[in-house]
Amino acid sequence: MKKILLIATVYRVGERIYPIIPELSKFCELDIIFVNQMSDDFTWYGDNDMRNKFKEDYNKYFNKIYSGSYTSINPILNKIDFSKYDLTIYDDNRPRYDLDKLYNECNKNNCAVLGNIHGNWWINGKQNYNVDSYKKVFDYVSVFGNNERDKYDDKSYMLVGGIPSNDDLKYYERTNDYILIIVNYLGNRWSPYPITVNEEFIKKTKLLELQKKYNKKVVFKLKSRADHPYPQKDYDYIKSIVPKGLDYVTIMDFEDNNQLICGAFLVISAPSTFAFKSIQKRIPTILINNSGIVGNFKDFPGLINLNDDILKNIEYQIENGMDDKLIESLVEGGTDFTSTDKYINNVKGLL
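Rules behind the numbers
- Residues numbered from 1 in each chain as written.
- Predicted model: local features only at pLDDT ≥ 70, side-chain atom pairs only at ≥ 80, totals over all residues.
- Heavy atoms only, no water.
- Helix = DSSP H or I, 4+ residues; strand = E, 2+ residues; numbered from the N terminus.
- Buried < 20%, exposed > 50% of the residue type's maximum accessible area, 1.4 Å probe, protein only.
- Polar contact = N/O pair within 3.5 Å; in protein donor to acceptor, adjacent residues only side chain to side chain.
- Contact = heavy atoms within 4.5 Å.
- 1 Å grid on protein atoms, 1.4 Å probe; cavity = no way out; pocket = protein on both sides within 12 Å on 5 of 7 lines; lining within 4 Å.
- Points joined across faces, edges and corners; volume = space filled by probe spheres on them.
- Nonpolar A, V, L, I, M, F, W, Y, C, P; charged D, E, K, R; others polar.
- Salt bridge = Lys/Arg side-chain N within 4 Å of Asp/Glu carboxyl O.
- Pairing = 2+ DSSP bridges.
- Axes fitted to C-alpha atoms, helices over the stretch in contact; angles between N-to-C directions.
- Right-handed = clockwise from strand over helix to strand, strands pointing away.
- Parallel < 35°, antiparallel > 145°, perpendicular 65-115°, else oblique.

A. A look at the side chain of Thr 205. By the element assignment, Thr 205 lies in the loop between helix H8 (199-204) and helix H9 (207-214). Looking at Thr 205, the relative accessible area reads 1%, which means it is buried. Within the local environment of Thr 205, its side chain forms a polar contact with the backbone oxygen of Ile 202, the two atoms lying 3.4 Å apart. Look past the residues within four positions of Thr 205 in its chain and what remains in contact with it is Leu 210, Ile 268, Ile 288, Leu 306 and Ile 310.

What follows is the structure, encoded as structure tokens:
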């Protein structure tokens, strides 16, 4: 059998491709290296350690398991014989954790490295890891869809693999239970974007009005971050900014994000990879401009400014639904939930 080495670094980044692991195990032997936030020596920063879920779901598929450190893969590089691997799959595309050294070892042993897009990332004219990390961290990179791939002049090393973790959305029924707010940055900390979820955000997105109109609870989904490891402070901040009378709950690390999405009647989010789920599931989705990287969502009809008429856009989406061509251009296999098949075929092609 062919042998593949996986590199797992950040759970919320890598979880998009982790469902390929059982499929790979059907025709390959697998080993894995944990580094950075997935390493054993890292102190989890959220309210539910997602490494435990990974181990429960996937450790059984690996013959050998190595752990680097939070800052570097160096501690275990000399323990690995790279000559025995046919392919290395890295769950990100950023040149971090000394992975350039791992790439060099793979390169010396004729083992190609497949990277994966960090998220909804590309920005014309600015730092772009798909370009900057080529032949430094990876030989090939998997992107979400042709909408993204088409933006590049050199497409020779870019594979279109969709988002395998979103395929399981096909098994979930929509229940329309709540209005889901996907938070990128809260207003209680530094943010690289001018729009954060703060009191002004809640007022201008008319959450209280939306709740009364649609009779739905509001769920705030917070993003746990290593540079802000204070879940309780974030919960307390939400409590301090919600209007009186709003029926809401706040969650952070949630074990089944597909279930979370499919419970939503409406999603309000920063432009985020998470939002592909609701778009694929054809749930009305509002993306607030300037609260994240627009990237692939430049032409998405639900991308609005904070001062725009949110109610009008919601009603438009409810009446008109989602465009299949747009979904498929954003996420390969996104309309029929076949990203895993597309991704696995790409891997077989590399092997």
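B. Quick look at the layout of surface pockets. Of the voids in this model, the largest pocket is the one considered here, and its volume is about 1100 Å³. Around the largest pocket, the lining comprises 48 residues; the ones closest to its centre are Arg 12, Val 13, His 118, Lys 223 and Arg 225. It is helix H1 (residues 11-14) that contributes the most residues to the lining of the largest pocket, three residues altogether. Its residues assigned to classes, the lining of the largest pocket shows 23 nonpolar, 14 polar and eleven charged. Taken as a whole, the second largest pocket encloses approximately 300 Å³ of empty space. If you go around the second largest pocket, you meet 17 residues; those closest to its centre are Glu 15, Lys 53, Tyr 58, Glu 255 and Asn 258. Going through the elements one at a time, helix H3 (50-58) and helix H11 (257-262) are the ones with two or more residues in the lining of the second largest pocket. No other element matches the four residues that H3 contributes to the lining of the second largest pocket. The residue makeup of the lining of the second largest pocket, split by class, is seven nonpolar, three polar and seven charged.

C. Seen up close, the pattern of salt bridges. Throughout the structure, instances matching the rule amount to 13 salt bridges. The shortest N-O distance in the salt bridge between Lys 3 and Glu 29 comes to 2.2 Å. Of this pair, Lys 3 sits in strand E1 (residues 2-8) while Glu 29 sits in strand E2 (residues 28-34); the two residues are 26 residues apart in sequence, bridging distant segments of the chain. Arg 189 serves as the salt-bridge partner of Asp 227, at 3.0 Å between the closest nitrogen and oxygen. With a gap of 38 residues between them, Asp 227 in the loop between strand E9 (217-221) and helix H10 (231-241) and Arg 189 in the loop between strand E8 (178-182) and H8 connect regions that are remote in the sequence.

D. Representation of the sheet that holds strand E5 (residues 112-116) within the structure. Taking strand neighbours across the sheet as the criterion, the seven strands line up as E3-E2-E1-E4-E5-E6-E7 in an open arrangement whose pairing is parallel. On the outer flanks of this sheet lie strand E3 (64-67) and strand E7 (158-160), each paired with one strand and no other. Here the strands of the sheet are splayed against their neighbours by 25° on average, with no regard to which way each runs. Sheet topology note: the strand E6 (residues 140-143)/E7 ladder contains three bridges and is parallel. The residue bridging Val 141 from the neighbouring strand is Met 158, located in E7.

E. Local environment of the sheet that holds strand E12 (residues 285-288). Taken together, the six strands give an open sheet; going across it, the order is E10-E9-E8-E11-E12-E13, and neighbouring strands pair in parallel fashion. Each having just a single partner strand, strand E10 (248-251) and strand E13 (303-304) make up the two edges of the open sheet. As defined by bridge partners, E8 adjoins strand E11 (residues 264-269) across five bridges and the pair is classed as parallel. Bridging from a neighbouring strand, Tyr 178 pairs with Ala 264 of E11. Here H10 sits on the sheet in contact with E9 and E10, set at roughly 160° to E10.

F. Main features of the environment of Val 160. Along the chain, Val 160 falls in strand E7. Accessibility expressed as a relative area gives 14% for Val 160, which makes it buried. Along the primary structure Val 160 and Leu 87 are separated by 73 residues, whereas in three dimensions their C-alpha atoms are 17 Å apart. The residues contacting Val 160, other than those within four sequence positions of it, are Val 143, Phe 144, Gly 145, Asn 146, Arg 149, Glu 332, Lys 342 and Asn 346.

G. Expanded view of the pairing of E5. Burial runs high along E5: four of the five residues are buried. Here strand E4 (residues 87-90) runs beside E5; their pairing, made up of three bridges, is parallel. Its bridge partner being in E5, Ile 89 is matched across the sheet by Leu 114. Once the chain exits E4 it traverses helix H5 (residues 99-108) before rejoining the sheet at E5, and the crossover so formed is right-handed.

H. Looking closely at the pairing of E4. Here E4 shows a buried face lined by Leu 87 and Ile 89 and a second buried face lined by Thr 88 and Tyr 90. Judged from the four bridges that link them, E1 and E4 form a sheet pairing that is parallel. In the strand pairing of E4, Ile 4 is matched with Leu 87.

I. Representation of the packing of H9 against helix H13 (residues 310-320) in the model. One can describe the packing of H9 onto H13 by two numbers: an axis separation of 12 Å at closest approach and a directional angle of 40°. Judged on the interaxial angle alone, H13 and H9 are oblique. Residues Glu 209, Leu 210, Lys 213 and Tyr 214 of H9 form the contact with H13, whose own contacting residues are Leu 311, Ile 314, Glu 315 and Ile 318.

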